[in-house]
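Summary of the model geometry
Below are the chains, spelled out letter by letter.
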Amino acid sequence: MEEHNPGPGRKGKILVSACLAGEYCRWDGGTNLVPEIKSLVDSGNAVVVCPEELGGLPTPRLPSERIGGRVVSSDGRDVTAEFRYGAEEALWVCKEEGCRLAILKAKSPSCGKGIIHNCLFDGGLVQGNGVTAQLLMESGIAVMTEQEWLDSQAASSSAAPNDPPCS
Ligand code: SF4
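What comes next concerns the included structure. (Residues numbered from 1 in each chain as written. Predicted model: local features only at pLDDT ≥ 70, side-chain atom pairs only at ≥ 80, totals over all residues.)

**Topic: the environment of glutamate 65**
What counts is decided by this rule: The secondary structure listing takes helices from DSSP runs of H or I that are at least 4 residues long and strands from runs of E that are at least 2 residues long, numbered from the N terminus. Residues are defined as contacting one another if the C-beta atoms placed from their backbone atoms lie within 7 Å.
Note on placement: glutamate 65 falls in strand β3 (residues 64-67). When the C-alpha atoms of glutamate 65 and threonine 80 are compared, they prove to be 9.9 Å apart, with 15 residues separating the residues in sequence. Ignoring anything within four residues of it in the chain, the contact list for glutamate 65 reads Val72, Pro109, His117, Asn118, Cys119 and Phe121.

Rendered as structure tokens:
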């Protein structure tokens, strides 16, 4: 496994899933770009990680899903160790960069929060967290899905800052 190295130019206060920032690190070689999240990175306010790549998995790769404490790929290979290593690396980046918030891709076996795929590879979902999301939350990092973060931004911008107080 490679040494800790978050890479140059990655200083920031928010940790984000790399695929949300437009990196082509998704299992099928695609991206999950959310322009507003890419803007966080471009402005230097966020740092990106892809836990599955940090764990040593190639891109593209077979899809994987979590079942209990294990993660398996669609060919039945146990990739739990790679997912755990990637989660530890993401936590290291969080600590190194002083991140207190992580915006992570929903439903992913690494990055998902609250709901993940059911390990039947049929698109079904179950309650649970991805390996990285879980480790970050257990370590005191606040985790939001991309939609939760977008909703929070919309709520903030729709609040009228100059409204007089109610009383
Ligand atoms: S591990 Fe996370 S950052 Fe990497 S492709 Fe999957 S959802 Fe995106």
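Now, onward.
**Some remarks on the sheet that holds strand β2 (residues 46-49)**
Worth spelling out the cut-off: Any two strands with at least two DSSP bridges between them are considered paired. Whenever a helix is involved, its axis is fitted only over the stretch in contact; in every case the axis is a line through C-alpha atoms, and angles between N-to-C directions fall within 0 to 180 degrees.
On the basis of which strands lie adjacent, the open sheet formed by four strands has the order β2-β1-β5-β8 and parallel pairing. Bordering the open sheet on either side are β2 and β8 (142-145), each of which pairs with just one other strand. Strand-to-strand, the axes of this sheet are offset by a mean angle of 25°, without reference to chain direction. Across four bridges, strand β1 (residues 14-17) lies against β2 in parallel orientation. Within the sheet, the bridge partner assigned to serine 17 lies in β2 and is valine 49. Against the sheet, helix α3 (residues 80-97) touches β1, β2 and β5 (101-104), its axis set at about 165° to β2. Its contacts with the sheet place helix α5 (residues 146-158) against β5 and β8, and it is angled at close to 90° to β8.

**Some details on the nonpolar core**
Cut-off, in case you're wondering: As used here, a nonpolar core is made of buried Ala, Val, Leu, Ile, Met, Phe, Trp, Tyr and Cys residues. They are joined through C-beta atoms within 7 Å. Whether a residue is buried, exposed or partly exposed follows from its count of other C-beta atoms within 10 Å of its own C-beta, namely 20 or more, 12 or fewer, or something in between, respectively; the C-beta atoms are built from the backbone.
Among the nonpolar cores identified, the biggest contains 38 residues, and Leu15, Val16 and Ala90 are the most heavily contacted of them. Contributions of two or more residues to this core are made by β1, α1 (35-42), β2, α3, β5 and α4 (131-138). In this view, valine 16 contacts Ala21, Ile37, Leu40, Val41, Ala46, Val48 and Ile103; residues no more than four positions away in its chain are not counted.

**Observations regarding the site of the ligand**
This is how the line gets drawn: Only the C-beta atom matters for this test: placed from the backbone, it must lie within 6 Å of a molecule or strand for the residue to be near it. Each residue gets one of three labels, nonpolar for Ala, Val, Leu, Ile, Met, Phe, Trp, Tyr, Cys and Pro, charged for Asp, Glu, Lys and Arg, and polar for the others, Gly among them.
The immediate surroundings of the ligand are formed by Ser17, Ala18, Cys19, Cys25, Arg26, Cys50, Pro51, Glu52, Lys105, Ser108, Ser110 and Cys111. In the shell around the ligand, the residues fall into six nonpolar, three polar and three charged.

**Points about unusual backbone geometry**
Here the amide bond leading from threonine 59 into proline 60 is cis, since omega sits at 0°, within 30 degrees of zero. Looking at the secondary structure, you find proline 60 in the loop between α2 (51-54) and β3. Its identity as a non-glycine residue notwithstanding, lysine 107 has a phi of 75°, on the positive side. Mapping lysine 107 onto the fold places it in the loop between β5 and β6 (115-117). Although it is not a glycine, phenylalanine 121 sits at a positive phi angle of roughly 55°. Position of phenylalanine 121 among the secondary structure elements: in the loop between β6 and β7 (125-127).

**Structural notes on α1**
Selection criterion: The directions considered for the arc run from the helix axis to the C-beta atoms.
Turning to α1, its buried residues number three or more, namely Ile37, Leu40 and Val41. What you see down the axis of α1 is that its buried residues fit within an arc of 95°, all on one side. Facing away from the buried side of α1, by more than 90 degrees, are the exposed residues Pro35, Ser39 and Asp42. The inward-facing, buried residues of α1 contact β1, β2, β5 and α5. With its phi angle positive at about 85°, glycine 44 sits one or two positions after the end of α1.

**Considerations on the pairing of β3**
Both faces of the sheet carry side chains from a regular strand, because those side chains alternate between them. Of the strand pairs in this sheet, β3 and strand β4 (residues 70-73) are connected by four bridges, and their pairing is antiparallel. If you follow isoleucine 67 over to β4, its bridge partner there is arginine 70. In sequence, β3 turns back onto β4 through a hairpin of two residues, with glycine 68 there showing a positive phi of about 60°.

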